[in-house]
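Descriptive structure summary
Now for the letters of each chain:
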Amino acid sequence: MLRMNDLSKVYRTHMIETHALRGLDIHVKEGEFVTVTGPSGSGKTTFLNIAGLLEEFDSGDYFLDGVDVSKLNDDARSRLRNEKLGFVFQGFNLIPDLDLFDNVDVPLRYRGLPAAERKERIEHALAEVGLASRMKHYPSELSGGQQQRVAIARALAGSPKVLLADEPTGNLDTQMARSVMELLEQINARGTTILMVTHDPELAARAQRIVHIIDGCVHDLVRRKPSLVEDAAQPA
Ligand SMILES: Nc1ncnc2c1ncn2[C@@H]1O[C@H](COP(=O)(O)OP(=O)(O)OP(=O)(O)O)[C@@H](O)[C@H]1O
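Residues numbered from 1 in each chain as written. Predicted model: local features only at pLDDT ≥ 70, side-chain atom pairs only at ≥ 80, totals over all residues.

For the protein chain, an unreviewed UniProt entry supplies the name ABC transporter ATP-binding protein and the organism Ramlibacter algicola. The UniProt entry for the protein chain carries the following comment under Sequence similarities (unreviewed entry): "Belongs to the ABC transporter superfamily. Macrolide exporter (TC 3.A.1.122) family." (UniProt positions renumbered as here; feature names shortened; annotations may be inferred.)

**Some remarks on the packing of helix H3 (residues 100–111) against helix H4 (residues 115–128)**
The packing of two helices is summarised by the inter-axis angle and the distance between the axes. Running from N to C, H3 and H4 point in directions that differ by 120 degrees, and their axes come no closer than 10 Å. Relative to H4, H3 is oriented oblique. As for the relative orientation of H3 and H4, their crossing is right-handed in sense. On the side of H3, the interface is formed by Leu-100, Phe-101, Val-104, Asp-105 and Leu-108, while H4 contributes Arg-118, Arg-121, Ile-122, Ala-125 and Leu-126. (Axes fitted to C-alpha atoms, helices over the stretch in contact; angles between N-to-C directions. Helix = DSSP H or I, 4+ residues; strand = E, 2+ residues; numbered from the N terminus. Parallel < 35°, antiparallel > 145°, perpendicular 65-115°, else oblique. Left-handed = near helix turned anticlockwise from the far one by under 90°. Contact = placed C-beta atoms within 7 Å.)

**Looking at the site of the ligand**
Near the ligand the following residues occur: Tyr-11, Thr-13, Thr-18, Ala-20, Gly-38, Ser-40, Gly-41, Ser-42, Gly-43, Lys-44, Thr-45 and Thr-46. It is helix H1 (residues 44–51) that contributes the most residues to the shell around the ligand, three residues altogether. Broken down by class, the residue content of the shell around the ligand amounts to two nonpolar, nine polar and one charged. (Near = placed C-beta within 6 Å. Nonpolar A, V, L, I, M, F, W, Y, C, P; charged D, E, K, R; others polar.)

**Description of the sheet that holds strand S2 (residues 16–28)**
Strand pairing in a sheet takes place through backbone hydrogen bonds and is either antiparallel or parallel in direction. Strand order in the open sheet made by the four strands is S2-S1-S4-S5, with antiparallel pairing throughout. Only two strands of the sheet have a single partner each, and these edge strands are S2 and strand S5 (67–68). (Pairing = 2+ DSSP bridges.)

**Details of the pairing of strand S1 (residues 2–13)**
In terms of strand pairing, S1 meets S2 through 10 bridges, oriented antiparallel. Within S2, the position partnered with Leu-7 by the bridge is Leu-24. In the sheet, S1 pairs with strand S4 (residues 59–64) via five bridges, with the strands oriented antiparallel. Considered in S4, the bridge of Ser-8 is made with Ser-59.

Set out below in structure tokens:
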């Protein structure tokens, strides 16, 4: 679903060069739930932003669902982003003046979908996150956990193949964080590939795979859940 080879990214500001990614390699299969951890400043957000086609990279290869991203012009990148990707951020990024229905509608309008289809998608997405009855409410009337659920509904309404989440539980207390994690697990179980940056070791360990980024490189890949073959080999 997502493959990066020897990917590098340098930020250049005035006289300073920051090597945010230094030859990063990663392969995420369709349907995987991968958590990304690592020290502050190690390149996690840069990696996620490049994966999300929000930022360009300097060298290396990136294939998203078989498409060579480096060959795309700006329009084609935006189209690919809209079609394949959904985003969830730490700060929810909801628009305070819009009710939940209209918040979820924002990316669908971008896509130019007809009103009837948008309505169906919005109602379905809000039902999926358990907020169907709150459609006419405004973000300020919801708890942090509920606001993040709306942000997840907004991402889901576009039927993304990959959901990219940058610290989605960073602003939530433990209980709300667990409940948002459970929702992401349900979404993943229905087939959506998920890449999630988190500083929370408990949540990171719940994914099928933890990717550790240190100094702009993938340092180790920890496969947490043993395969069925390994399970069968264990003594009873
Ligand atoms: N727009 C930018 N301009 C210049 N330098 C940047 C920019 N964005 C990130 N950096 C630098 O690139 C490096 C990687 O940053 P990044 O935000 O990817 O790290 P991170 O692992 O997500 O950190 P954190 O866990 O603190 O969010 C850091 O040294 C950071 O200062």
